[in-house]
Amino acid sequence: MFKKIISTSLSAAFAASLIGSASAADISAAPAMRDMTTMEIASDMGIGINLGNTFESSGDWIEQWGDGTPNAYETAWGSPTVTEDLIKGYAAEGFDSLRIPVAWSNMMSKDGSYTISDKYMARVKQVTDWALDADLYVIVNLHWDGGWLEKLPTDHDNIMKKYNAIWTQVSDEFKDYGDKLIFESQNEELGWNDVWNQWSGSTNGKAESFGYVNEVNQSFVDIVRNSGGNNAQRHLLISGYNTSIDLTCDPLFKMPADPANRCAVSVHYYTPSTFTILTEDADWGKSAYTWGSDASLQS
């Protein structure tokens, strides 16, 4: 849980945009996007939490053994059905932002059009509305989703078609939402070890792999900005290279061109890993339950 909370908080710390409390009824009226910088929004997003193991759960076995409803996926990885009281509970406990990871391939059409299920879209929207009603920022992304993006280097055109189709549909569905809703281009999947292995010591394929990352992120921005409504000014989270802060700081990583100048980088920072990852001692380190000494802050 610490890992998810910290990851989301740090992603949010680089992020997005705000309007006042919006109800589901207000959303349909297309509230105005406030004139706030990304840095101003970042400071207001506070502490975030992932709505984990719900809409990003995936696997062929869910389709085979489930009942064909969004709830079959929502609960497949052990989480309960999301309720409005659960969302209100996050707000009551002091969280300011909710990240909703989504596997949009769940219940998707299989005719090559990559059409998202109306029922699945409606369920994600319902939970999004609950969070906005609770005065939370909401980050909606495209998550691991079964790993199909890994095939981009060998099946480029089809993979980009699917990626673009997903964001075209999501952008259209949410285009009239206010700017407490933020889109995130991807989770941790932008980076291809088959093209460039960062641990190999070689630079062979490095520029190519970074090029794919930059291409995907630019396509994301172009789709959102051209989709109408409030999306022309929506704040966007741009996935870094594998969301690694070190690789994202590499000169080969490029932030996409954005006419609205409302993009922020999303990275996952797990340092020190003994605090952010370990829940019990391991052979490579001892679990730490506190962090923040003068020595830690300077390291």
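Preceding block: the structure.
The next point concerns the pattern of salt bridges. Enumeration over the complete set of coordinates arrives at nine salt bridges. Its salt-bridge partner being lysine 206, residue aspartate 250 comes within 2.7 Å of it at the nearest N-O pair. Taken as a pair, aspartate 250 in the loop between helix H10 (245-248) and strand E6 (263-266) and lysine 206 in helix H9 (residues 206-225) lie far apart in primary sequence, 44 residues in all. Each member of the pair, aspartate 250 as well as lysine 206, carries the same accessibility label: buried.

Moving on to the packing of helix H8 (residues 156-174) against H9. Relative to each other, H8 and H9 sit at 30 degrees, their axes nearing to 9 Å. Accordingly, the angle class assigned to the pair H8 and H9 is roughly parallel. The chirality of how H8 crosses H9 is right-handed. Residues His156, Met160, Tyr163, Asn164, Trp167, Thr168 and Ser171 of H8 form the contact with H9, whose participating residues are Tyr212, Glu215, Val216, Ser219, Phe220, Ile223 and Val224. For the contact of H8 with H9, the class distribution of residues is eight nonpolar, five polar and one charged.

Time to look at the environment of phenylalanine 174. One can find phenylalanine 174 in helix H8. Here the alpha-carbon distance between phenylalanine 174 and threonine 128, two residues 46 residues apart in the chain, equals 10.0 Å. Ignoring sequence-local partners within four residues, the contact set of phenylalanine 174 consists of Met121, Val124, Lys125, Thr128, Leu181, Phe183, Asn231 and Arg234.

Counting residues in each nonpolar core, the largest one holds 63 residues, and the members touching the most others are Leu51, Ile87, Leu98, Trp104, Val170, Phe183 and Phe220. Those residues in contact with phenylalanine 183, other than ones at most four positions away along the chain, are Val140, Trp167, Val170, Ser171, Phe174, Phe220, Val224, Asn231, Arg234, His235, Leu236 and Leu237. Counting eight residues, the second-largest nonpolar core is a separate cluster that includes Tyr137, Ile139, Ile182 and Leu237.

Turning our eyes to something else, we now look at unusual backbone geometry. In this structure, the amide linkage connecting threonine 271 to the following residue, proline 272, adopts the cis form with an omega of 0 degrees. Assignment of secondary structure puts proline 272 in the loop between E6 and helix H11 (273-276). Even without a glycine there, the phi angle at tyrosine 114 is positive, about 55 degrees. The residue tyrosine 114 is located in the loop between strand E2 (97-100) and helix H7 (118-133) in this model. Given a relative accessible area of 19%, tyrosine 114 falls into the buried group. Backbone geometry at aspartate 135 places phi at a positive 65 degrees, although glycine is not the residue there.

Right, let's talk about the sheet that holds E6 for a bit. The strand order across the open sheet built from six strands is E1-E2-E3-E4-E5-E6, with neighbouring strands paired in parallel fashion. Here the strands that pair on one side only, and so sit at the sheet edges, are strand E1 (48-50) and E6. Taking each pair of neighbouring strands and ignoring which way they run, the sheet shows an average axis angle of 25 degrees. Here E2 runs beside strand E3 (residues 137-141); their pairing, made up of four bridges, is parallel. Each residue of the ladder has a partner; that of leucine 98, found in E3, is valine 138.

Moving on: the packing of H7 against H8. Between H7 and H8, whose axes approach to 12 Å, the crossing angle comes to 45 degrees. Judged on the interaxial angle alone, H8 and H7 are oblique. Of the two possible hands of crossing, H7 and H8 adopt the one that is right-handed. Note on element contacts: H8 touches H7 through Gln169, Val170, Glu173 and Phe174, opposite Met121, Val124, Lys125 and Thr128. Tallied by class, the residues present in the contact of H7 with H8 amount to four nonpolar, two polar and two charged.

Here is what the cut-offs are and how they apply
Numbers given for residues are sequential positions, taken from 1 along each chain in its written order. Reporting of local features is limited, given that this is a predicted model, to residues whose pLDDT is at least 70; pairs of side-chain atoms are given and counted only at 80 or more, and all residues count toward the totals for whole chains, interfaces and linings. No hydrogens and no water enter the side-chain calculation; it runs on all heavy atoms of the structure. Salt bridge, as applied in this entry: a Lys or Arg side-chain nitrogen positioned within 4 Å of an Asp or Glu carboxyl oxygen. Secondary structure elements are defined from DSSP: runs of H or I of at least 4 residues count as helices, runs of E of at least 2 residues count as strands, and each element is numbered from the N terminus. The cut-offs for exposure are 20% and 50% of the maximum accessible area for each residue type, with area from a 1.4 Å probe on protein chains only; residues under the lower value are buried, those over the upper are exposed, and the others partly exposed. The axes are straight lines fitted to the C-alpha atoms, using for helices just the contacting stretch, and the angles between their N-to-C directions are given from 0 to 180°. Here the angle decides the label: under 35 degrees means roughly parallel, over 145 means roughly antiparallel, 65 to 115 means roughly perpendicular, and every other value means oblique. The crossing is said to be left-handed when, going from far helix to near helix, the turn is anticlockwise and less than a right angle, and right-handed when the turn is clockwise. The contact definition used throughout considers only heavy atoms, calling two residues in contact when any of these lie within 4.5 Å. In this count, Pro and Cys sit with the nonpolar residues alongside Ala, Val, Leu, Ile, Met, Phe, Trp and Tyr, while Asp, Glu, Lys and Arg are called charged and the others, Gly among them, polar. Throughout this description, the term nonpolar core refers to a set of buried Ala, Val, Leu, Ile, Met, Phe, Trp, Tyr and Cys residues connected via side-chain atoms within 4.5 Å. Only strands that DSSP links by at least two bridges are regarded as paired with each other.

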